[in-house]
Amino acid sequence: MNLMLSDKRVLWALFLGLLLAFPSLWVGLQLDDYFHWGLVTQRSQVLQTVSPASPYGLFSFVDGDPARVLDLMNLGLAPWWTYPQVEYAFWRPLTELTHGLDYSLWPQYPKLMHIHSLLYFGLMLWFGLRLFNKIQGESSAWVWAMFLFALSYTHGVPAGWLANRNAVLAVLFVVLTLSSHHRWREGSCSPLDFRSSIFFALGLLCGEMAVTAGAYLFAYAMVLERGPFRDRLFSLLPYGVIGAAWLGMRALLGYGASGSGHYIDVLQTPLLFIQVLIGRGLDLLGGLFWVVPPELGSGLPEWRRLVFLGLFLVLMWVAWPLLKADRRARFWLLGALLCLVPVASTIPHSRLLIAASLGAAGFLGLLLQRWRAAGLAQSGLPQALTATVAGLLVVLHLGLSALLLPLEMVSMRIVGDNYLNRGAESWDLSDIPKNTTPILINPPLSSAGGYINGVRAYQGLPVASKTWLLASGLQPLTLTVLNAHTLDLYSEQGLYDPVQEGVLRGPQAPFAVGESVQLAGMIVTVMEVDNGVPTRARFQFANPLTSDLYRFSHWNSGQVAPCTLPAKNQSIQLNVDSAHCAQP
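Fair warning: this is a prediction, and the values are worked out from it, not measured in the lab.

Under the counting rule described, the total for this entry stands at 25 aromatic pairs. Aromatic side chains phenylalanine 541 and phenylalanine 552 sit 5.9 Å apart centroid to centroid with 80° between the ring planes, which places their arrangement in the edge-to-face category. Of the two residues, phenylalanine 541 is situated in strand E10 (residues 533-541) and phenylalanine 552 in strand E11 (residues 550-556); the sequence distance between them amounts to 11 residues. Among the residues examined, phenylalanine 541 registers a relative accessible area of 2% and is labelled buried. Since its relative accessible area comes to 6%, phenylalanine 552 is described here as buried. An aromatic cluster of at least three residues, connected via ring pairs, comprises Phe132, Phe149, Tyr216, Tyr220, Phe331 and Trp332.

Even without a glycine there, the phi angle at leucine 31 is positive, about 50°. With respect to the helices and strands, leucine 31 occurs in the loop between helix H2 (8-21) and helix H3 (32-41). By relative accessible area, which is 14% here, leucine 31 ends up buried. In this model, asparagine 531 sits at a positive phi of 55°, which is unusual for a non-glycine residue. The residue asparagine 531 is located in the loop between strand E9 (522-530) and E10 in this model.

On to the pairing of strand E6 (residues 477-483). Most of E6 is tucked away, with 5 of its 7 residues classed as buried. Of the pairings in the sheet, the one linking E6 to strand E13 (residues 571-574) comprises 4 bridges and is antiparallel in character. Following the sheet pairing, leucine 477 is matched in E13 by leucine 574. Of the strand pairs in this sheet, E6 and strand E7 (residues 486-490) are connected by 5 bridges, and their pairing is antiparallel. Residue pairing for E7: threonine 480 is matched across the bridge by aspartate 488. Between the antiparallel neighbours E6 and E7 lie 2 residues.

Attention now moves to the nonpolar core. What tends to happen in soluble globular proteins is that the nonpolar side chains get buried as a cluster. One finds Phe289, Leu315, Phe331, Trp332 and Phe363 to be the most contacted residues of the largest nonpolar core, which totals 110 residues. Ranked by residue count, the leading element in this core is helix H9 (residues 165-187), at 12 residues. With sequence-adjacent residues up to four places away left out, tryptophan 332 is seen in contact with Leu131, Phe132, Ile135, Gln136, Tyr216, Leu358, Gly359, Gly362, Phe363 and Leu366.

Let us look at the pairing of E11. Burial within E11 is extensive, with 5 of its 7 residues counted as buried. Examined bridge by bridge, strand E4 (residues 437-440) and E11 share 4 bridges and lie parallel to one another. Each residue of the ladder has a partner; that of threonine 437, found in E11, is tyrosine 550. In sequence, E11 turns back onto strand E12 (residues 559-562) through a hairpin of 2 residues, with serine 557 there showing a positive phi of about 50°.

On the surface, Leu192, Phe194, Ile198, Phe234, Leu237 and Val241 cluster together into a nonpolar patch covering about 610 Å² of accessible area. Of all the secondary structure elements, the ones that give two or more residues to the nonpolar patch are helix H10 (194-204) and helix H13 (237-252). By the element assignment, leucine 192 lies in the loop between H9 and H10.

Here we take up the confidence of the model for the chain. Of the residues in the chain, 96% reach a pLDDT of 70 or more, and the chain-wide mean stands at 90. Averaged pLDDT values for the elements of the chain fall to 59 in helix H1 (residues 2-6) and rise to 97 in helix H8 (residues 156-160).

This paragraph deals with helix H18 (residues 380-409). The terminal C-alpha atoms of H18 lie 42 Å apart, and with 30 residues this matches the ideal 44 Å at 1.5 Å per residue to within 8%. For H18, the principal kink sits at serine 401 and spans about 40°.

What counts and how
- Residues numbered from 1 in each chain as written.
- Predicted model: local features only at pLDDT ≥ 70, side-chain atom pairs only at ≥ 80, totals over all residues.
- Heavy atoms only, no water.
- Phe/Tyr/Trp six-rings, centres within 6.5 Å; stacked < 30°, edge-to-face > 60°.
- Helix = DSSP H or I, 4+ residues; strand = E, 2+ residues; numbered from the N terminus.
- Buried < 20%, exposed > 50% of the residue type's maximum accessible area, 1.4 Å probe, protein only.
- Pairing = 2+ DSSP bridges.
- Core = buried A, V, L, I, M, F, W, Y, C linked by side-chain atoms within 4.5 Å.
- Contact = heavy atoms within 4.5 Å.
- Patch = residues over 30% accessible without salt bridge, like charges linked within 9 Å, V, L, I, M, F, W, Y side chains within 5 Å.
- Areas by Shrake-Rupley, 256 points an atom, 1.4 Å probe, with all protein chains shown as cover.
- Salt bridge = Lys/Arg side-chain N within 4 Å of Asp/Glu carboxyl O.
- pLDDT = per-residue confidence, 0-100.
- Expected span 1.5 Å × (residues − 1).
- Bend = angle between axes of the 7 residues up to and from the residue.

Structure (structure tokens):
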């Protein structure tokens, strides 16, 4: 450790990683952070869940209870199309305690909360650099790996978004588990290592990302460690027991995911997971090695995945001499690839690659060292291709990734400001009567009702007793008034985005024509569908649309503006940048 502290390269890697994370201090609270603040402080409408062995229930917003989902929809904290049995409830008690500290001691000082997060991020980087030193040795491969890991853009959202702190904490314990396990297998005669087992258990209590420790431990036993196969297999037994106990307790306490299009519980719906694994896995692979943020996938053509696969095969061809000769390279690569399997259970995003970035940095560090030492292809076209691939990797991982890292750090602020914050703050509810329900026709995301109320409550702005959001406004909407109590909404692309907003209703729970949702004061009937997603719905209100009990508004370029509905049998077109509402 003293040697590492005296090595300026280590300090530079650590300094650069933290420097590029510095913009996170201005991210503030975003999206789920407002739920967490409301649950800890009890100063918002967020309904407490029944979350056994969980201090605050921060990660159990929907718990599979249809009655609670109905309550959330009536309040407008969940949209009308939420699947009644939807569940994504995660057991992260240690992470919750760190958030409880934030929202109890300095609830109005987000910068202190982000400094708190950066402390864990710095520890994750530091122990990661130490792990590379232990496995790579005093070599240029260690130096390459240090900088590749410290500058990885995949760290941006976990370190920059408070609600994703669980991933940083989990990977910190993944690194500590692997480091302790390596020390045990390299130098101890003890049949068990309690320290690494404790680190693994603590990681699981921080977040599901810690299961990736199993990927690296398996790769270590199968590839890196020498000795009888039986002994290597036995070394995994303590972790298997801890993992099984964690899964059992998680199920017993009622945690898991079902009915969601974002989170797929491998144990509950294995066939659905297998269906999405290859596609999601290839998007994650492209993000890990070729620095294409997986969250951009929905905006890219489908053949992008074939490109990612082809590029990876080229990389394997270039690295083949290294993989044949160096067990460390095989270990890092296998561990990184196995890390992609559990995180493919949700929508691909760069933040899911934080654990895999450890193995990718270790593998690429060895590859670049070998390339610089002329240990790969040495002549002709193979040499030129090898030099091209190696040069591209340097540009992508030390250049582009470093540029993306601060952008990823503030990305949640950018999303929040564009889709939520300014509109939530601009919505004038100061003079709204107590019994009047504000209705926002076309927010950018129709699932943003709870976030809007959270922003307003945190900022000390008036919050209505309930708020209804009717449809996603990212696509053009046609609104038609049918009679005094009823209006229709139509969008060819769907009234909500099944990909971006699928967290509350997955493809396994499609809508059917004629299906209705009855809320307290409003009935929504699905009139047309496309692949299970409503494209036309009829909204029947208990009182006349012109009643003082409703106040209609629409989204206008990041602001919320009053909306005067058209006359009977008249229609208007609405976009997120509509400057008016009364005229077509």
